[in-house]
Amino acid sequence: FFGPPHSTDTVCPWLPCRPAMAVAVAGDGAEVQDKIMSLPQLQSLMKKDPEAYEVEFDQQWKHFASMMEIFKLKPQKPNSNFGEQVMFLAHVAPSFPGKNDALPSLIIGVLDEHYEVMHSSMRQTLVHALILLRNRNQFPCIRTLPLYFKLFNASDKGLRTQIFAHIVKDISQMNVKGTNQKSNKDLRDLFFARLKDNEAEVSRRACAVFISLYRKNIWRDAHVVNLMSAGLVHPDLKISAALAHLFLGNKTKGLEGILEDSDNEADEEVQDVVQDIVGAKKTARREKRLKRAKRAAQKAVGRNKSRADKSTHISFVAIDLLHDPQTLAERLLQRISKSGEPFHFRLLLLHLTCRLVSRHTLLLPNLYPYMLKYLLPAQKDVTQVLACLVEACHMQVPPDDIRPVVLHVMKTFVNEVVAAEVIEVGLNGIREVCARSVNILNEEELADLAGFRRFKNKGVQMAAKGLINTYREVDPQLLHRSLRGREATMAISRGDIQAPEYGMTLVSDTIDGLELLVAKKMKKRSADDGEAADGEEDAKADKDQTSEINAKQMMSEQVLSSDDFKRLRKLRLQKSVELQLGRKRKAVEISDSSDSEDEEDSDEDGSDGERGLPGRMPGAMSGAELRAAPKKAKTKAQRLAQVHGGRTDYTEKLLEKRKARKGGKTNNETKRNKPLFMTMDSFKVRKKKAQTAREKTNTMKKHIKTLQKTANHQKVRRK
C-alpha cells in the first residue's frame with residue numbers, strides 16, 4: 001500500500017480489475033473510441049493530471065458516499081467493492097485539496113463506531129487507508145491515536161502489530177529533521193494517560209511505544225524518563241518488568257509479543273522473500289527482488305551488529321535523569337516487601353532499587369534487613385541477591401546498617417563446613433562490600449577471613465587474596481604486618497595513608513594523581529640530562545615535595561591535554577596495583593600492562609578499570625562477577641596424562657623388589673616359570689585326569705564353599 005503510483009498499463013496487486021467508467025480517449029486517427037478503464041488506471045491518470053479529472057473524481061466521491069451509507073447498515077459483512085473504493089480515494093485524495101480533509105474524518109468515524117462488529121478484512125482495509133493518508137501528511141498524528149488505542153483491544157494480532165509499528169515509525173520520522181516541542185508534548189501526555197489505562201493491552205502498547213522511542217534515541221530527555229518511571233509501580237507485571245529492564249540497561253526488552261515482533265518484522269519479511277524466490281524460475285523481476293532482499297538482509301545484519309555493540313556496556317542515563325529517586329526507591333521497596341508477586345520479578349525490582357541507592361547515594365535503612373533473609377547458601381539465585389547487596393552500599397551508608405548483613409554472610413557462607421564454591425562467593429561479596437563502604441570489619445574478623453588464603457581450594461585462596469589486596473589499598477592498618485606489603489607499610493610510615501572514617505571526605509588541592517605525572521616528567525627530564533643517580537634515597541623525599549609543589553603550579557599555569565589525562569590514568573592504576581601487590585612491579589609486568597592499557601584507551605569504555613580508585617562512582621555489579629570461577633575443562637591428552645599418573649606400575653615395583661632382595665627365586669616363581677610339558681606330566685595333573693565323576697563333583701562342591709567364604713575378601717596379588 002505504500003509503493004509508488006501505478007502506471008496505466010499495470011493492475012493493482014491487491015485489487016481486482018473492475019470497470020470504473022467510460023472515458024473518451026483520442027487515438028492516432030480522427031475517430032474517437034470509448035474505453036472502459038479499471039480503477040488503478042483511472043488512479044494513475046488522476047495523479048498525473050488532477051485538474052482534467054475533477055468531474056470523474058466527484059462522481060467517484062458520490063459513489064463512495066452512497067456505498068458508505070450502505071456499508072454502515074451491515075458493517076459485519078465484508079464488502080470488497082467498498083474496500084476498493086476506499087483505497088482508490090486514499091491514493092488520489094491528496095491530489096484534490098478540497099476533499100482530502102473529509103476522507104480521514106469519514107474513515108475514522110466509521111471505524112470508531114463499528115470496529116467491534118466489523119469484519120476483520122474491512123477493518124484492515126480502512127486502517128491501511130488511514131496509514132496511507134498519514135504517510136502523505138494529510139492529517140496530524142495525534143488525530144488517529146485515540147482510535148488506534150481502541151483498535152488495540154480488537155482480537156486481531158496482525159492488525160495490532162501493524163498499528164504499533166506504524167505509530168513508532170511515524171513518530172520517529174516526525175523527529176528526524178526537526179523537533180516540534182508542542183506536538184511531542186501532546187503525544188507524551190496522550191501516551192502517559194494510556195499508560196495508566198485499566199485495559200492491559202492498551203497500557204502495554206503505550207509502554208512499548210515509550211520503550212521503543214527511548215531505545216531509538218527519539219524520546220530520551222528527563223521528562224520522558226520521569227513519565228516512564230511512574231510505570232515501575234504499575235500493577236501489571238509485564239509493564240513494570242519491561243521498564244525495570246530499561247532502567248537497568250539490560251538487553252532484555254520484555255513485553256513479549258510486542259517489542260520483539262516489531263523489531264523482527266523486517267527480518268522475517270526478507271526471509272519470506274528469499275524463500276519464495278529460491279527454487280523458482282529465474283526472471284528479471286525475481287532477480288531484482290532477490291537483490292533487494294539481499295541488501296535488506298545486509299542492512300538487518302549491520303543493524304543487529306550495531307545493537308549488539310551498543311549493548312555491551314551498561315547505560316546509567318535513565319537512572320541519572322530521575323528527579324525524585326528517593327520516593328521511587330521507597331515505593332519499589334514497599335512493593336517488593338509484599339510476597340504476592342513472583343520471586344524473579346521481586347528480584348528484578350530489588351536490583352533496580354539497589355541501583356538507585358548506589359547511583360544517587362540514597363539512605364534506605366529498611367533495605368538491608370529485607371535482604372538478610374535471602375542471603376542463604378541454599379537460596380535460589382543467591383549470587384544476584386549478593387550483587388544487589390553490593391550495589392546498595394556506598395560511603396554514606398552508616399556502618400551499623402551494613403555490618404549485621406556482612407556478619408551474617410560470614411557465618412553462613414565463609415566457614416569450613418560449606419562447599420568451597422560457597423566460601424568463594426561469600427569472600428567475593430564481602431570484598432566488594434568493604435571496597436564500597438568503610439568500617440565494616442575489625443582486625444579479628446579480617447584476620448579470620450585472611451586465614452582462608454591457605455585453604456586447599458584454589459578459588460578460595462584467590463578470593464581471600466583479593467580481599468587482602470583490597471584492604472592494602474583501602475585500610476592497610478587493619479591487616480597484620482606480614483600481610484600489608486612493602487608499599488603499604490612504607491606509605492603508612494610516611495603518613496600518606498589514613499584510616500577511613502564514616503562521614504569523612506577527602507579533599508584534594510590538585511587533580512588526584514597529578515603529582516605522579518609531574519614526578520614522571522621530572523624523572524624523564526633528568527634521564528635526558530644525564531644526571532648521576534647518587535644519593536637516590538636521600539633525594540626521594542625532596543622529589544616528592546617538589547612534585548607536589550610543581551603539581552599545583554602545573555594546574556594553575558598549564559592546560560592538560562587528553563594525552564596527559566591518559567598518562568595520569570595509567571599512573572594512578574600503576575600505583576593502585578603496586579599497593580595491592582605490596583611491591584614495585586617488574587619491568588616485564590609494566591611493559592605488559594602498558595600494552596594492555598593502550599588497547600583500553602582506544603576503546604570508549606576504557607575507564608572501567610578505574611572502578612576501585614578513589615573518587616570514582618561505583619559501577620554495576622552482577623551475580624556472575626561474584627560467582628565461583630568455573631573449573632577449566634581439560635583436553636583429552638591432559639585427562640589421559642592424569643589417568644596414567646594415578647596408575648601404579650607393578651612391573652617396575654617387582655623388578656625393584658627383586659633387585660633389592662637377597663638370594664634366588666622363590667618356590668612359587670620357580671613353579672610359575674616351569675615348562676608347560678613338565679607341568680602336564682606332573683603327579684597332580686595325572687591325579688586330576690584319573691578322577692571319577694563322584695570325586696569331581698565333591699571337589700567342585702568344596703570349591704564353591706570356599707568361594708562363598710572368601711567372596712568379599714580382597715584378592716591377593718600373586719608373588
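It should be noted that the structure appears before, not after, this text.
Figured I'd write up the structure that's included with this text. All of these numbers come straight from a predicted model, not from anything done at the bench.

Notes on the pattern of salt bridges
Stage number 1. Scanning the entire structure with this criterion turns up 14 salt bridges.
Stage number 2. As a salt-bridge pair, K182 and D186 come within 3.5 Å of each other at their nearest N and O atoms. Linking K182 with D186, this pair stays in helix α8 (residues 181–195), spanning 4 residues, or about one helical turn.
Stage number 3. Among the residues examined, K182 registers a relative accessible area of 62% and is labelled exposed.
Stage number 4. With its nearest N and O atoms 2.7 Å apart, the salt bridge here joins R204 to D236. Note that R204 is positioned in helix α9 (residues 200–215) and D236 in the loop between α10 (222–229) and α11 (237–248), a separation of 32 residues in sequence. Pair check on accessibility: R204 and D236 agree, each one buried.

Some details on the environment of D400
Stage number 1. By the secondary structure assignment, D400 is in helix α20 (residues 399–412).
Stage number 2. Judged by its relative accessible area of 65%, D400 is exposed.
Stage number 3. C-alpha of D400 to C-alpha of N439: the two residues are 39 residues apart in sequence and 9.2 Å apart in space.

Some details on helix α2 (residues 54–73)
Stage number 1. Counted at 1.5 Å a residue, the expected span for α2 with its 20 residues is 28 Å, and the 29 Å between its end C-alpha atoms agrees.
Stage number 2. Among all positions in α2, only E56, F57, Q60, W61, F64, M67, M68 and F71 are buried. The arc enclosing the buried residues of α2, seen along the axis, measures out at 135°, which places them on a common side. Facing away from the buried side of α2 by more than 90 degrees, the exposed set consists of V55, K62, E69, I70 and L73.

Looking at a negative patch on the surface
Stage number 1. There is a patch of like negative charges on the surface, built from D49, E51, E54 and D58.
Stage number 2. The topology assignment puts D58 in helix α2.
Stage number 3. The exposure class assigned to D58 is partly exposed, which follows from its relative accessible area of 37%.

Details of the environment of K458
Stage number 1. Its location among the elements puts K458 in helix α23 (residues 458–474).
Stage number 2. A residue is classified by how much of its surface remains accessible, and K458, at 63% relative accessible area, is exposed.
Stage number 3. C-alpha separation for the pair K458 and A629, spaced 171 residues apart in sequence, amounts to 9.8 Å.

Some details on helix α21 (residues 420–436)
Stage number 1. For α21, with 17 residues, the first-to-last C-alpha span of 25 Å sits near the 24 Å given by 1.5 Å per residue.
Stage number 2. Most of α21 is tucked away: 14 of the 17 residues are buried.

Concerning unusual backbone geometry
Stage number 1. With a phi close to 60°, N217 is a non-glycine residue in the positive phi region.
Stage number 2. Its place among the elements puts N217 in the loop between α9 and α10.
Stage number 3. Look at N217 and you get partly exposed, because its relative accessible area is 47%.
Stage number 4. At D381, a position not held by glycine, the phi torsion is positive, near 55°.
Stage number 5. Inspection of the secondary structure assignment puts D381 in the loop between α18 (367–372) and α19 (382–391).
Stage number 6. Given the relative accessible area of 24%, D381 is considered partly exposed.

Let's talk about the packing of aromatic side chains
Each aromatic ring pair is described using two quantities: the centre-to-centre distance and the angle formed by the ring planes.
Stage number 1. Scanning the entire structure with this criterion turns up 13 aromatic pairs.
Stage number 2. Here the aromatic rings of F210 and W219 are separated by 6.0 Å at their centres, their planes lie at 50°, and the arrangement is tilted. You'll find F210 and W219 in the same group, each marked buried.
Stage number 3. Stacked on the ring of W219, the Lys or Arg R188 has its end atom at 5.5 Å from the ring centre.
Stage number 4. The ring centre of F316 lies 4.1 Å from the NZ or CZ of R359, which sits over that ring.

Overview of the packing of α8 against α10
Stage number 1. Interaxial distance between α8 and α10 falls to 10 Å at its minimum, and their mutual angle equals 10°. Looking at the two axes, α8 sits roughly parallel to α10. Along the contact surface, α8 presents R188, D189, F192 and L195, while α10 presents H223, V224 and L227.

Observations regarding the nonpolar core
Stage number 1. Grouped together as the largest cluster of nonpolar side chains are 146 residues, with contacts concentrated most on F191, M371 and L441.
Stage number 2. Apart from residues lying up to four places away in sequence, M371 is in contact with L350, C354, V385, C388, L389 and A392.

So, the side chain of T412
Stage number 1. With respect to the element layout, T412 can be found in helix α20.
Stage number 2. Those residues within four positions of T412 in sequence are excluded, and the remaining contacts are L375, L376, P377 and V418.

As for a nonpolar patch on the surface
Stage number 1. A contiguous nonpolar patch, built from L676, F677 and M680 and spanning about 380 Å² of accessible area, is present on the exposed surface.
Stage number 2. Within the element layout of this structure, L676 appears in helix α34 (residues 676–680).

Analysis parameters
Residues numbered from 1 in each chain as written. Predicted model: local features only at pLDDT ≥ 70, side-chain atom pairs only at ≥ 80, totals over all residues. Heavy atoms only, no water. Salt bridge = Lys/Arg side-chain N within 4 Å of Asp/Glu carboxyl O. Helix = DSSP H or I, 4+ residues; strand = E, 2+ residues; numbered from the N terminus. Buried < 20%, exposed > 50% of the residue type's maximum accessible area, 1.4 Å probe, protein only. Expected span 1.5 Å × (residues − 1). Arc of directions from axis to C-beta. Patch = residues over 30% accessible without salt bridge, like charges linked within 9 Å, V, L, I, M, F, W, Y side chains within 5 Å. Areas by Shrake-Rupley, 256 points an atom, 1.4 Å probe, with all protein chains shown as cover. Lys, Arg positive; Asp, Glu negative; His and termini not counted. Charge placed at Lys NZ, Arg CZ, Asp CG, Glu CD. Phe/Tyr/Trp six-rings, centres within 6.5 Å; stacked < 30°, edge-to-face > 60°. Lys NZ or Arg CZ within 6 Å of the ring centre and 35° of its normal. Axes fitted to C-alpha atoms, helices over the stretch in contact; angles between N-to-C directions. Parallel < 35°, antiparallel > 145°, perpendicular 65-115°, else oblique. Contact = heavy atoms within 4.5 Å. Core = buried A, V, L, I, M, F, W, Y, C linked by side-chain atoms within 4.5 Å.

Scope: geometric values only; no functional claims are made or implied.
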